[in-house]
Amino acid sequence: MEKLQTSPELGSDESEALASANWGQERRLEFIDFRLRWEKTVNRADLRAHFGISIPQASLDIAKYAQISPKNLVYDRSSRTYRVSDEYSPVVGNTTPQRYLNELLACSRGLLNARDAYIGWMPPFAGVPVLTRLVQSDTLSLLLDAIRHQGCVRISYQSDSEADPIERVISPHAFGHDGFRWHVRAYCFLREGYRDFVLGRILRICTDSAQGRDPQQDVKWRTILQIKIAANPDLTEGNRRAVELDYSMVDGTTTIEVREALLYYVLKELGLGPFAFPGFQPPQIVLINHAELSSFMTQILNSRKLPLANKCPI
């Protein structure tokens, strides 16, 4: 059974107390911690409404949390609720700002029902609409089976470089997301190499008896590259400082680790390397390790057959 992450500040007694909780209770303890941090209050009714447990069980859960970290909460008799204390510090699970904002985003995109979110009171929020990209259930199911058993599937695939769909056999081994759509990473027996296939462009799929390829042979998937960025030195001091804060830069730079197979998507998303176009405003960030990545970006330009207009200095 995988345990929830705990804060490194936990003492041995607190760690032992948490370790004695079962999986279901661990989730409820995480919920209590989340509500205390972001809503400043939690009570038995909150636990009952979210998890469908009894009032006695909710009382036991709060008592367990108080045993783990008694300084985190105080009981308000007037409102019959527990409030966060001035000495609160996170103790269990993921209660980071990223978790909170990701739940808001998931709710805005319909990926998470508001009833299933740990958030109780939701502030007004909205997200940029994302186009729905449909994936057939049979497609995903057969790809999962092929990855799990290192097998192959035969697909009819509509690429953006061909007028008509092409049938091919692939040996899939991983999924990737480019920020907008899902791909499957697979060896293509037709092209004799590892490629990305957009799930929504797979028109037909069935199992195939060909022997699957060892995922370790996909060197580009296994190779981890570093993208080092900094604020554009042409920006004003205030703008440059804002960019450094926005990207959590330390000493003016930050490093993004990415698989070589996903380098194209990351550079495109950030507008770096071959995708850095001069516009009416200077770009916010610049790539500062051109030399380290130049050979990889050249491969991208050649393999993707990008137009010459995209081939800015790298």
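Conventions adopted
Residues numbered from 1 in each chain as written. Predicted model: local features only at pLDDT ≥ 70, side-chain atom pairs only at ≥ 80, totals over all residues. Heavy atoms only, no water. Helix = DSSP H or I, 4+ residues; strand = E, 2+ residues; numbered from the N terminus. Buried < 20%, exposed > 50% of the residue type's maximum accessible area, 1.4 Å probe, protein only. Contact = heavy atoms within 4.5 Å. Polar contact = N/O pair within 3.5 Å; in protein donor to acceptor, adjacent residues only side chain to side chain. Patch = residues over 30% accessible without salt bridge, like charges linked within 9 Å, V, L, I, M, F, W, Y side chains within 5 Å. Areas by Shrake-Rupley, 256 points an atom, 1.4 Å probe, with all protein chains shown as cover. Salt bridge = Lys/Arg side-chain N within 4 Å of Asp/Glu carboxyl O. Pairing = 2+ DSSP bridges. Phe/Tyr/Trp six-rings, centres within 6.5 Å; stacked < 30°, edge-to-face > 60°. Lys NZ or Arg CZ within 6 Å of the ring centre and 35° of its normal.

1. Here's the deal with the environment of Val 243
Structurally, the position occupied by Val 243 is in helix α8 (residues 237–246). Judged by its relative accessible area of 4%, Val 243 is buried. On a C-alpha basis, the gap between Val 243 and Gln 284 in space is 6.7 Å, while along the polypeptide they are 41 residues apart. Other than its neighbours up to four places away in sequence, Val 243 contacts Ala 231, Leu 235, Met 249, Gln 284 and Ile 285.

2. What to know about helix α3 (residues 44–51)
The residue sitting at the N-terminus of α3 and contributing the capping side-chain oxygen is Asn 43; that oxygen lies 3.1 Å from the backbone nitrogen of Ala 45. Immediately beyond the C-terminal end of α3, within one or two residues, lies Gly 52, with a positive phi of roughly 70°.

3. What about a nonpolar patch on the surface?
A surface patch of nonpolar side chains, about 200 Å² in accessible area, is lined by Val 135, Leu 140 and Leu 144. Mapped onto the secondary structure, Leu 140 falls in helix α6 (residues 137–149).

4. Points about the pairing of strand β6 (residues 182–188)
On any regular strand, side chains alternate: one points to one face of the sheet, the next to the other face. Of all the 7 residues making up β6, 6 are buried; the element is thus mostly covered by neighbouring parts of the structure. The pairing of strand β5 (residues 166–177) with β6 spans 7 bridges and is antiparallel. Residue pairing for β6: Ile 170 is matched across the bridge by Cys 188. As consecutive antiparallel partners, β5 and β6 are separated by 4 residues, and within that stretch Gly 179 has a phi angle of approximately 100°, a positive value. Both β6 and strand β7 (residues 193–198) contribute to a ladder of 6 bridges, which runs antiparallel. In the strand pairing of β7, Ala 186 is matched with Arg 195. Here β6 folds back onto β7 in antiparallel fashion, the turn holding 4 residues, of which Glu 192 has a positive phi close to 55°.

5. Remarks on the packing of aromatic side chains
What the rule picks out here adds up to 11 aromatic pairs. Between Phe 31 and Phe 51, the ring centres sit 5.3 Å apart and the planes meet at 80°, which makes this aromatic pair edge-to-face. Placement of Phe 31 in helix α2 (residues 23–38) and of Phe 51 in helix α3 is noted, with a sequence separation of 20 residues between them. When its relative accessible area of 0% is taken as the criterion, Phe 31 is described as buried. With a centroid separation of 6.0 Å and 15° between ring planes, the pair formed by Phe 34 and Tyr 100 is classed as stacked. Here Phe 34, found in helix α2, pairs with Tyr 100, found in helix α5 (residues 97–108); they are 66 residues apart in sequence, far enough to count as distant. Considered together, Phe 34 and Tyr 100 belong to a single accessibility category, that of buried residues. Ring pairs connect the aromatic residues Phe 31, Phe 34, Trp 38, Phe 51, Tyr 100 and Tyr 118, which therefore count as one cluster. Directly above the aromatic system of Tyr 187 lies the positively charged group of Arg 213, at a separation of 4.0 Å from the ring centroid.

6. A word on the pattern of salt bridges
Counted under the stated rule, the structure contains 14 salt bridges. Where Glu 167 meets Arg 154, a salt bridge forms, and the shortest distance between an N and an O atom there is 3.1 Å. On the criterion of sequence distance, the pair formed by Glu 167 in strand β5 and Arg 154 in strand β4 (residues 152–157) is long-range, its members being 13 residues apart. Assessed through its relative accessible area of 31%, Arg 154 is described here as partly exposed. Measuring nitrogen to oxygen at the nearest pair gives 2.8 Å for the salt bridge that ties Arg 185 to Asp 218. With Arg 185 in strand β6 and Asp 218 in the loop between β8 (202–208) and α7 (219–222), the pair connects residues that are 33 residues apart, well separated along the chain. Exposure remark for Arg 185: the relative accessible area of 6% places this residue in the buried category. Of the residues examined, Asp 218 reaches a relative accessible area of 2% and is grouped as buried. Here the salt bridges do not stand alone but share partners, grouping Glu 30, Arg 99 and Glu 103 into one network.

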